[in-house]
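Each chain is listed here by its residues.
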There are 2 protein chains.
Amino acid sequence: MKIRVDVVLREGVLDPQGKAIGHALETLDFKNVSDVRVGKTILLDVDCHDTKSAADQGRKMAEALLANLVIEDYTVEVMK
Amino acid sequence: MKIRVDVVLREGVLDPQGKAIGHALETLDFKNVSDVRVGKTILLDVDCHDTKSAADQGRKMAEALLANLVIEDYTVEVMK
């Protein structure tokens, strides 16, 4: 089973990587970009029997390792 | 308008970050994880008039800066 975990910086947390990308885009003449936010997508192949246990495991892995819960939010999606 | 650009390593390209996460998950007793791949999600606020020009600009930005076309694939999604 494939699990997709999307991790993004929480609203209000400064995103230096996003800022750097925004400046670089501006130098490449993309002048109409007002904000850039960067997140991570983690795709995991997991040996699970059902969608519910896969989603539970996704949340546990996100909270144990994949997301920094102080400054990041995450979403878990079980893909067939 | 908000554009979402997802960038992932092309199939077959070694993903050291994914490998490292896989090993870390194993030490945390998640023994049923067979593969881990890590990608980037870039969310851009763009001043565009219509969805088509936003999607075009998303592709141009991905090819100019956001994705390394030698080893990465990207998808562009225009969100309302």
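Described below are features of the structure shown in this document. The model shown is predicted, which means the values in this text are computed figures rather than measured ones.

1. Quick look at the overall build of chain A
Reasoning step 1: Looking only at helices and strands, chain A has two helices and three strands in total.
Reasoning step 2: Going from the N terminus to the C terminus, chain A shows its helices and strands as β-α-β-α-β.
Reasoning step 3: For 80 residues, the compact-globule formula gives about 12 Å, and the C-alpha radius of gyration of chain A, at 16 Å, lies well above that figure.
Reasoning step 4: Projected onto its principal axes, the C-alpha positions of chain A cover 50 × 25 × 15 Å.

2. A word on the relation of the copies chain A and chain B
What relates the two chain copies is a rotation about an axis together with a slide along it.
Reasoning step 1: Each copy superposes on the other: chain A lies on chain B with an RMSD of 0.0 Å after a rotation of 180° and an axial shift of 0.0 Å. One copy is carried onto the other by what is essentially a two-fold rotation axis. Residue K40(A) of chain A places its C-alpha closer to the rotation axis than any other residue of that unit, at 2.4 Å.
Reasoning step 2: With an isologous cut-off of 70% or more, the 100% of interface residues of chain A that recur at the interface of chain B puts this contact in the isologous class.

3. Comments concerning the interface of chain A and chain B
Reasoning step 1: With 30 residues of chain A in contact, the opposing surface of chain B contributes 30 residues.
Reasoning step 2: With both sides pooled, the region where chain A packs onto chain B buries about 2,400 Å², and carbon together with sulfur makes up 61% of that total.
Reasoning step 3: Interface area lost by chain A to chain B is led by F30(A), N32(A) and D45(A), which between them contribute 21%.
Reasoning step 4: At the boundary of chain A with chain B, the tally comes to two salt bridges.
Reasoning step 5: Of the charged contacts in the structure, one is a salt bridge between R4(B) and D6(A), with a shortest N-O distance of 3.6 Å.
Reasoning step 6: Sorting the residues of the side of chain A that touches chain B by element identifies β1 (2-9), α1 (16-27), β2 (33-46) and α2 (51-66) of chain A as the ones contributing at least two each.
Reasoning step 7: Take the side of chain A that touches chain B: its biggest share by element is 14 residues, from β2(A).
Reasoning step 8: The residue inventory of the side of chain A that touches chain B, partitioned by class, reads 17 nonpolar, five polar and eight charged.

4. What about α1(A)?
Residues and elements named next belong to chain A.
Reasoning step 1: Counted at 1.5 Å a residue, the expected span for α1 with its twelve residues is 16 Å, and the 17 Å between its end C-alpha atoms agrees.
Reasoning step 2: Listed in full, the buried residues belonging to α1 are G18, I21, G22 and L25. Looking straight down α1, one finds that the buried residues subtend no more than 105° of arc, so they occupy a single side. Exposed residues pointing more than 90 degrees away from the buried face of α1 are listed as P16, H23 and T27.

5. Topic: the sheet that holds strand β1 (residues 2-9) of chain B
Reasoning step 1: The strand order across the open sheet built from six strands is β3(A)-β1(A)-β2(A)-β2(B)-β1(B)-β3(B), with neighbouring strands paired in antiparallel fashion. The open sheet has two edge strands with one neighbour each: β3 (72-79) of chain A together with β3 (72-79) of chain B. Sheet twist, expressed as the average angle between the axes of neighbouring strands with direction ignored, equals 20°.
Reasoning step 2: Pairing geometry for β1(A) and β2(A), over seven bridges, is antiparallel. Considered in β2(A), the bridge of V7(A) is made with K40(A).
Reasoning step 3: Across the face of the sheet, helix α1 (residues 16-27) of chain B comes into contact with β2 of chain A together with β2 (33-46) of chain B while running at roughly 125° to β2(B).
Reasoning step 4: Each of β2 of chain A together with β1, β2 and β3 of chain B is contacted by helix α2 (residues 51-66) of chain B, which is oriented at about 155° to β3(B), the strand it contacts most.

6. Notes on the side chain of T41(A)
Reasoning step 1: Relative to the helices and strands, T41(A) resides in strand β2.
Reasoning step 2: Exposure remark for T41(A): the relative accessible area of 4% places this residue in the buried category.
Reasoning step 3: Within polar-contact distance, the side chain of T41(A) engages the side chain of T41(B) at 2.7 Å.
Reasoning step 4: Leaving out residues up to four positions away in the same chain, T41(A) has contacts with R4(A), V5(A), D6(A), D6(B), R37(B), V38(B), G39(B) and T41(B).

Cut-off values and rules
- Residues numbered from 1 in each chain as written.
- Chains lettered and ligands numbered in written order.
- Predicted model: local features only at pLDDT ≥ 70, side-chain atom pairs only at ≥ 80, totals over all residues.
- Heavy atoms only, no water.
- Helix = DSSP H or I, 4+ residues; strand = E, 2+ residues; numbered from the N terminus.
- Rg over C-alpha atoms; globule rule 2.2 N^0.38 Å.
- Least-squares fit on C-alpha atoms with pLDDT ≥ 70 in both.
- Contact = heavy atoms within 4.5 Å.
- Buried area = accessible area lost by both parts, 1.4 Å probe.
- Salt bridge = Lys/Arg side-chain N within 4 Å of Asp/Glu carboxyl O.
- Nonpolar A, V, L, I, M, F, W, Y, C, P; charged D, E, K, R; others polar.
- Expected span 1.5 Å × (residues − 1).
- Buried < 20%, exposed > 50% of the residue type's maximum accessible area, 1.4 Å probe, protein only.
- Arc of directions from axis to C-beta.
- Pairing = 2+ DSSP bridges.
- Axes fitted to C-alpha atoms, helices over the stretch in contact; angles between N-to-C directions.
- Polar contact = N/O pair within 3.5 Å; in protein donor to acceptor, adjacent residues only side chain to side chain.

Taken by themselves, the reported measurements are silent on function.
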